[in-house]
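Survey of secondary and tertiary structure
Here is how the chains run, residue by residue.
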Amino acid sequence: MKSPVRVAVTGAAGQISYSLLFRIAAGEMLGPDQPVILQMLEITPALGALKGVAMELDDCAFPLLAGMICTDDANVAFKDADYALLVGARPRGPGMERKDLLEANAAIFSVQGKAINDHASRDIKVLVVGNPANTNALITQRNAPDINPRQFTAMTRLDHNRALTQLAQKTDKTINDIKHLTIWGNHSSTQYPDIHHATVDGQDAMGLIDQNWYENDFIPTVQQRGAAIIDARGASSAASAANAAIFHMRDWALGTAEGDWASMAVYSDGSYGIEEGLIYSFPCVCKDGDWEIVQGVETNEFSVAKMKATEDELKQERDAVSHLLP
Ligand SMILES: NC(=O)C1=CN([C@@H]2O[C@H](COP(=O)(O)OP(=O)(O)OC[C@H]3O[C@@H](n4cnc5c(N)ncnc54)[C@H](O)[C@@H]3O)[C@@H](O)[C@H]2O)C=CC1
Ligand SMILES: O=C([O-])CC(=O)C(=O)O
């Protein structure tokens, strides 16, 4: 058995964490031979509810759960953390865009970035889930100047998974038949779900569907899926978001599937002409605990326009929080 690693989870008494924590403790994120210590952060009024979650974790008797910390102090939650999942933030309601949450949520991430900088493991891997996720990840990263910016990522895996299922259902195949699908850009309604390189059971995806379905059905369905869940459920997606967080971290730590890639919002190095330093979703391959942006993916005029539109939105979001970016 390996020695335990420390996993910090914020918003630990919220609805996403109620799915997430149990799967981390069951070994679904870091593997069946990796014990974990859960370091759970909440705001003070939610500490009672968090205690209840910790009691349930106890009652699961997970063999891999090597310890738990419940706290309302970010400096304690991130102490020596090897992984951090930043979930704690307000969710949107009907009729809102995710960027409408910037004002309510952005300050959380500057505080937590500083706490990570001062207390976490120098090798920490950070995933930001709380919305607007890409810009919150940027705020976190910029407030943690002593840590390599590559270690701060945001979640577009839920969008990736949504796109897989839409394409599988349309082509009457399973998600296991699909490879090389990409979500570019922001986790927002400007994201660009791209299937130009995707294959379905070895066949070119674009040859199996028509352009009208792609542009007017598939793309808007994936872009608006979060809002559709809010309308249907009366609350934003939780179990599917937790699942995507598990997949993102699992792939980052243990590697992406052979012969495929995953969508991850990562620190742009200028690839595909995207401004350096933005947290932008790219096709990524992970190996040995590190990610790499897949290079050489061809982009036509349609794709370039969509990639640029979502980049422009990220620049606007960044400019709106410039006071939080040291
Ligand atoms: N990136 C993505 O694909 C997705 C992102 N989200 C986002 O995830 C976030 C959380 O969603 P839910 O769990 O449904 O919300 P929730 O409201 O059920 O839980 C959020 C929790 O965070 C806590 N919290 C607030 N401020 C905090 C702070 N400073 N430190 C620690 N904890 C804090 C709250 O007390 C609450 O318990 C939302 O911003 C939501 O929009 C949701 C689905 C998908
Ligand atoms: O739509 C929302 O506000 C929650 C979310 O990010 C998603 O489900 O993708």
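Per an unreviewed UniProt entry, the protein carries the name Malate dehydrogenase and comes from Marinibactrum halimedae. Quoted verbatim from the Sequence similarities (unreviewed entry) field of the UniProt record, the comment on the protein reads "Belongs to the LDH/MDH superfamily. MDH type 2 family."

Examining the packing of aromatic side chains
Aromatic ring pairs are reported here in terms of the distance separating the ring centres and the angle at which the planes meet. Tallying each qualifying case throughout the model produces nine aromatic pairs. Aromatic side chains Trp213 and Phe218 sit 5.3 Å apart centroid to centroid with 40° between the ring planes, which places their arrangement in the tilted category. The exposure classification of Trp213 matches that of Phe218, with both residues buried. Both rings, one in Tyr272 and one in Phe282, keep their centres 6.3 Å apart while their planes meet at 35°; by these two values the pair is tilted. Separated by 10 residues along the polypeptide, Tyr272 in the loop between strand S12 (262-267) and strand S13 (279-287) and Phe282 in strand S13 bring together distant segments of the chain. On the basis of relative accessibility, which here comes to 23%, the residue Tyr272 falls in the partly exposed class. Overall, Phe282 belongs to the buried group, its relative accessible area being 0%. Clustering of aromatic rings is evident, with ring pairs tying together Tyr192, Trp213, Tyr214, Phe218 and Phe302. The ring centre of Trp291 lies 3.8 Å from the NZ or CZ of Arg150, which sits over that ring.

Things to note about unusual backbone geometry
Residue Pro132 is bonded to the preceding Asn131 through a cis peptide linkage, with omega at -5°. Topologically, Pro132 is positioned in the loop between strand S5 (125-128) and helix H5 (133-142). We note that Asp80 has phi near 60°; this positive angle belongs to a residue other than glycine. Relative to the elements of secondary structure, Asp80 occurs in the loop between helix H3 (74-77) and strand S4 (83-86). Look at Asp80 and you get partly exposed, because its relative accessible area is 39%.

Remarks on the packing of H5 against helix H10 (residues 301-320)
Where H5 meets H10, the axes come as close as 10 Å, and the angle between the chain directions of the two elements is 50°. Classified by the angle between their axes, H5 and H10 sit oblique to one another. As for the relative orientation of H5 and H10, their crossing is right-handed in sense. Here H5 contributes Asn134, Thr135 and Leu138 to the contact with H10, which in turn contributes Leu314, Glu317 and Arg318. A class-by-class count of the residues in the contact of H5 with H10 yields two nonpolar, two polar and two charged.

Some remarks on the site of ligand 2
By nearness alone, every residue bordering ligand 2 is listed as Arg92, Arg98, Asn131, Leu158, Arg162, His187, Gly226, Ile230, Ser236 and Ser237. Between ligand 2 and Asn131, the relevant distance is 2.8 Å, taken from an oxygen atom to a side-chain nitrogen or oxygen of the residue. Between Arg162 and ligand 2, the recorded distance is 2.7 Å, taken from a side-chain N or O atom to an oxygen atom. Protein coverage of the free-state accessible area of ligand 2, which is 260 Å², stands at 94%. Of the residues belonging to the shell around ligand 2, the class tally is two nonpolar, five polar and three charged.

So, how was this worked out
- Residues numbered from 1 in each chain as written.
- Chains lettered and ligands numbered in written order.
- Predicted model: local features only at pLDDT ≥ 70, side-chain atom pairs only at ≥ 80, totals over all residues.
- Heavy atoms only, no water.
- UniProt positions renumbered as here; feature names shortened; annotations may be inferred.
- Phe/Tyr/Trp six-rings, centres within 6.5 Å; stacked < 30°, edge-to-face > 60°.
- Buried < 20%, exposed > 50% of the residue type's maximum accessible area, 1.4 Å probe, protein only.
- Helix = DSSP H or I, 4+ residues; strand = E, 2+ residues; numbered from the N terminus.
- Lys NZ or Arg CZ within 6 Å of the ring centre and 35° of its normal.
- Axes fitted to C-alpha atoms, helices over the stretch in contact; angles between N-to-C directions.
- Parallel < 35°, antiparallel > 145°, perpendicular 65-115°, else oblique.
- Left-handed = near helix turned anticlockwise from the far one by under 90°.
- Contact = heavy atoms within 4.5 Å.
- Nonpolar A, V, L, I, M, F, W, Y, C, P; charged D, E, K, R; others polar.
- Near = heavy atom within 4 Å.
- Polar contact = N/O pair within 3.5 Å; in protein donor to acceptor, adjacent residues only side chain to side chain.
- Areas by Shrake-Rupley, 256 points an atom, 1.4 Å probe, with all protein chains shown as cover.

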